[in-house]
Every structure is written in structure tokens, then in C-alpha cells.
Amino acid sequence: MGWFTRDEPEEVVFKNVVDTDGTIWPAFTDDDGVLWIDVDYDVEVTINGAIVDGQIRGAEVDGDGRIWIDYD
């Protein structure tokens, strides 16, 4: 789950995000839309993409940890 960057937020399903180094990470969001990297160790990465329907879409994470996916 994530959020589109449009007037009305819509639910979008993704399972992976991409960091600025091009590394693909398994990820999910909680009920509040906060992004979690799904690994068994602590990691801090800067996200700039999400894989939606097999395509990498631009994405960013806001100060509250919510992911915003550019779907234009």
C-alpha cells in the first residue's frame, strides 16, 4: 500500500522500493501509510522509487515516514 500524488489519495499496491543507489528493498506500509523496509536488520536508506506493476515509479518518503508515489 502507498499513496498516489493526486488530489485524492488512492491506494496502490507495491512490494519493493528502490534507494538512491539503485538497490531494491522489500517493503510495506502500515495502516498509517508509514513505510517499513522488510529486512531482519537495521538499515537506513533514502528512497527515490517504488516498483508498481513491474515499473519503477518515482517516490519519496515524507518527514512522518509516509511514502508518496508519483503515478503521473
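Cut-offs and rules
- Residues numbered from 1 in each chain as written.
- Predicted model: local features only at pLDDT ≥ 70, side-chain atom pairs only at ≥ 80, totals over all residues.
- Heavy atoms only, no water.
- 1 Å grid on protein atoms, 1.4 Å probe; cavity = no way out; pocket = protein on both sides within 12 Å on 5 of 7 lines; lining within 4 Å.
- Points joined across faces, edges and corners; volume = space filled by probe spheres on them.
- Helix = DSSP H or I, 4+ residues; strand = E, 2+ residues; numbered from the N terminus.
- Buried < 20%, exposed > 50% of the residue type's maximum accessible area, 1.4 Å probe, protein only.
- Lys, Arg positive; Asp, Glu negative; His and termini not counted.
- Salt bridge = Lys/Arg side-chain N within 4 Å of Asp/Glu carboxyl O.
- Polar contact = N/O pair within 3.5 Å; in protein donor to acceptor, adjacent residues only side chain to side chain.
- Contact = heavy atoms within 4.5 Å.
- Pairing = 2+ DSSP bridges.
- Core = buried A, V, L, I, M, F, W, Y, C linked by side-chain atoms within 4.5 Å.

Participant: Please explain the layout of surface pockets as it appears in this structure.
Facilitator: Taken as a whole, the largest pocket encloses approximately 170 Å³ of empty space. Here the element with the most residues in the lining of the largest pocket is strand β5 (residues 35-37); it accounts for 3 residues.

Participant: I would appreciate a short explanation of the side chain of D19 in the present structure.
Facilitator: Residue placement: D19 occurs in strand β3 (residues 16-19). Despite its burial, D19 remains without a salt bridge, the nearest opposite charge being carried by R57 at 18 Å. Within polar-contact distance, the side chain of D19 engages the backbone nitrogen of D21 at 2.9 Å. Look past the residues within four positions of D19 in its chain and what remains in contact with it is W25, V45, T46, I47 and N48.

Participant: Any chance you could explain the environment of I37 here in plain terms?
Facilitator: Mapped onto the fold, I37 is located in strand β5. Considered as a pair, I37 and K15 are 22 residues apart in the sequence and their alpha carbons are 9.9 Å apart. The residues contacting I37, other than those within four sequence positions of it, are V17, W25, P26, A27, V43, V45 and I47.

Participant: Mind showing me how you'd approach the pairing of strand β6 (residues 47-52) here?
Facilitator: Each regular strand carries side chains that alternate between the two faces of the sheet. Counting buried positions along β6 yields 5 of 6 residues, so the element is predominantly enclosed. Across 4 bridges, β3 lies against β6 in antiparallel orientation. Of the residues in β6, the one forming a bridge with D19 is I47. As defined by bridge partners, β6 adjoins strand β7 (residues 55-61) across 4 bridges and the pair is classed as antiparallel. When the bridges of β7 are listed, V52 appears paired with Q55. In this antiparallel pair of consecutive strands, β6 and β7, the connection spans 2 residues, and D53 shows a positive phi of 50°.

Participant: I keep staring at the nonpolar core and nothing clicks. Help me out?
Facilitator: Side chains that are nonpolar tend, in soluble globular proteins, to be buried together. Grouped together as the largest cluster of nonpolar side chains are 12 residues: V12, F14, V17, W25, A27, L35, I47, A50, V52, A59, I67 and I69. Counting only elements with at least two residues in this core, the list comes to β4 (24-29), β6 and β8 (67-69). It is β6 that provides the largest number of residues to this core, a total of 3 residues. Those residues in contact with V17 that sit more than four places away from it in its chain are T23, I24, W25, A27, L35, I37, I47, G49, A50 and I67.

Participant: Help me understand the pairing of β3, please; the structure alone is not making it clear to me.
Facilitator: Taken together, the 3 bridges between β3 and β4 define a ladder with antiparallel strand orientation. Across the sheet, residue V18 finds its bridge partner in β4, namely I24.

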